[in-house]
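Examining the three-dimensional arrangement
The chain contents come next:
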Protein chains: 2
Amino acid sequence: MIEDFRGFIRPEGTVGPGDDAAVIGGGTVVSTDIVTFDRHFPAGMTYEQFGWYAAAVNFSDLAAMGARPTGLLAALALPMDLEAQAAYDIMSGMDQCAEFCGTGIVGGDTKVGPGIVTGTAIGTMDGRRPMLRSGARPGDIVAVTGPVGGPAAGFLSLEHGVDAPEARDCLYVPVPRVAEGMALASCGAVSSCMDLSDGLGTALRTICACSGVGMDVELDFIPRGPYVDEMAEVSGTPVEDILLGWGGEYELVFTIDRDGLERVYDAEVEFSIIGLVNDSGRAELVHDGERRGIGHGAF
Amino acid sequence: MIEDFRGFIRPEGTVGPGDDAAVIGGGTVVSTDIVTFDRHFPAGMTYEQFGWYAAAVNFSDLAAMGARPTGLLAALALPMDLEAQAAYDIMSGMDQCAEFCGTGIVGGDTKVGPGIVTGTAIGTMDGRRPMLRSGARPGDIVAVTGPVGGPAAGFLSLEHGVDAPEARDCLYVPVPRVAEGMALASCGAVSSCMDLSDGLGTALRTICACSGVGMDVELDFIPRGPYVDEMAEVSGTPVEDILLGWGGEYELVFTIDRDGLERVYDAEVEFSIIGLVNDSGRAELVHDGERRGIGHGAF
């Protein structure tokens, strides 16, 4: 079904579909994402956190381009019998996330529905060049803005009844890397960028595919979020699956032109180097000298 | 519930909530609206028309401000068992409407849901001043861009089994007045503007409330859409209710600074004068020398 839609989506400006967000006339960047009570409301999440999440997924798409958010639209289709307080909490969560990202809710709509929230984030490039998925070149350095696996560990902790509050926070309150994205786009040395909403593995494969390159990523270089090792052991899930195979992550993965590495350090963005771009055409995970292809996420 | 939300919505730029669309930094105009299979899919409507409608309601909000559309985002939550052709038709209808409005679909999202489509229209003022609901002044002329009552007549024709194809077209394929809105904003003589999505009566009352003015509107001056008189007779509904009390209309109502009337004629926008702004604080309908207050729409 989704495949059919691609044909309709066309760029009106410099960057079209297939990237994290679309860049339209005048450097305006837009992204829309649906979250639902059904699919995005894990046990223990509050309505306020659900609202934050609904906003965060959209701001994360802007962050991946390096855009500065200028507004959020909130379209809510909520059950008739939902308590007013719950609806208020969702809006409050969206509002808090928008404020964290330097903007606010500028409009919206409410209808009756089963609990479907569509957020639309609007932003501007302020003259910066948008970071795309297609600019990685052999020799570039692969990096992430922070630890990964936290949301997966949080999810597994729920499934296995393990008390892992920091991991659950990763799951419930993902932090869109807006400031980091703007700084990375500004420094001029980042050749490609993508957020991890579909998981690190999918992101690495996607950058490889869009850029026509390959990558070697060292498993031990990937910074691990809270409770990743514990939950791998408890659940019997391989650590690499937790780190690469799950979504719901909102760090950024990006590639750095090696000659510009100093500029990325100057940008004062925290990051960890996890690998190198090559011309193999394949994204591969290296561990103890062995290598295997990186698959798409399972989450 | 909706009342609670108002407090969260804040203008990041010049124009905030409570108008047809929000104007954010750099003259970017945004609007989002939800339409649902449940509420916005009258008998006889095709999926393609539903898609057109979902786009049109958003472009109409932009039209009311005088913005030029630069993109449409389409977020679809569709039933798992919906035929692929139906989903395709919805996207095709949205695409056709976007093209009619001079732009295209620039992004979107799809999830499983009960048939909820959230469109988000993005536009730019190109340096024009946005037309607000709050600028009408006593002495201004009240006008509409075209005939009203067509969608209501179409709806009544379905209810009463009357064959009224032109009225049903008004219901199924509303035309957002984007070109008209841009021309009206450009001419510099329009003091306020609003679309008729909640009905002419509500629009007139809203402009009066936002502008702190009153209005006299002549019933006989309001141009009537197809089958309005026939359906009034068949259904026993007063003509004024059909013209003023129903929504789903997408003409624009606006007020003209009398000294600038010539400039509106020069803008080559078709319009009909329906009344005058006064300082009474009340929107009133005048018919055969009698007057009565204009109520909110029933639709």
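Residues numbered from 1 in each chain as written. Chains lettered and ligands numbered in written order. Predicted model: local features only at pLDDT ≥ 70, side-chain atom pairs only at ≥ 80, totals over all residues.

What about the domain arrangement of chain A?
All names here are of chain A. Examined at the domain level, chain A breaks down into domain 1 (2-124) and domain 2 (141-293). Computed from C-alpha atoms alone, the centre-to-centre distance between domain 1 and domain 2 is 23 Å. Facing 22 residues of domain 1, the contacting portion of domain 2 comprises 21 residues. Going through the elements one at a time, helix H2 (47-65) and strand E3 (68-78) are the ones with two or more residues in the side of domain 1 that touches domain 2. In terms of residue count, the dominant contributor to the side of domain 1 that touches domain 2 is H2 (12 residues). Counted by class, the side of domain 1 that touches domain 2 contains 14 nonpolar, five polar and three charged residues. (Domains from an automatic or database assignment. Contact = placed C-beta atoms within 7 Å. Helix = DSSP H or I, 4+ residues; strand = E, 2+ residues; numbered from the N terminus. Nonpolar A, V, L, I, M, F, W, Y, C, P; charged D, E, K, R; others polar.)

Some details on the nonpolar core
Within the largest apolar cluster, 201 residues are counted, with the highest numbers of intra-cluster contacts made by Met94, Val190 and Leu204 of chain A together with Met94, Val190 and Leu204 of chain B. The residues contacting Val190 of chain A, other than those within four sequence positions of it, are Met131, Leu184, Ala185, Phe254, Thr255, Ile256 and Val264 of chain A. (Core = buried A, V, L, I, M, F, W, Y, C linked by C-beta atoms within 7 Å. Buried ≥ 20, exposed ≤ 12 C-beta atoms within 10 Å, placed from the backbone.)

What about the sheet that holds strand E6 (residues 141-144) of chain B?
All names here are of chain B. In space, the seven strands of this open sheet follow the order E7-E9-E6-E10-E8-E11-E12, with mixed pairing throughout. What marks the edges here is a single partner per strand, and that holds for strand E7 (190-195) and strand E12 (290-293). Neighbour-to-neighbour, the strand axes of the sheet open up by a mean angle of 25°, direction not taken into account. Two strands pair when backbone bridges link them, and strand E11 (residues 283-287) and E12 are joined in this way by four bridges, in the antiparallel orientation. Across the sheet, residue His287 finds its bridge partner in E12, namely Glu290. The strands touched by helix H6 (residues 178-187) within the sheet are E7 and strand E9 (252-256), with E7 carrying the most contacts at an inclination of about 160°. Lying over the sheet, helix H7 (residues 200-211) contacts E7, strand E8 (214-218), E9 and E11, oriented at roughly 140° with respect to E7. (Pairing = 2+ DSSP bridges. Axes fitted to C-alpha atoms, helices over the stretch in contact; angles between N-to-C directions.)

So, helix H8 (residues 228-235) of chain B
Along an α-helix, residues three or four apart share an orientation, since each turn contains 3.6 residues. All names here are of chain B. Taken as a whole, H8 has its buried residues at Val228, Met231 and Ala232. Looking straight down H8, one finds that the buried residues subtend no more than 105° of arc, so they occupy a single side. Contacts from the buried residues of H8 go to helix H4 (150-159), helix H5 (165-172) and helix H9 (239-244). In the stretch just after H8, Gly236 is the one whose phi turns positive, near 70°. (Arc of directions from axis to C-beta.)

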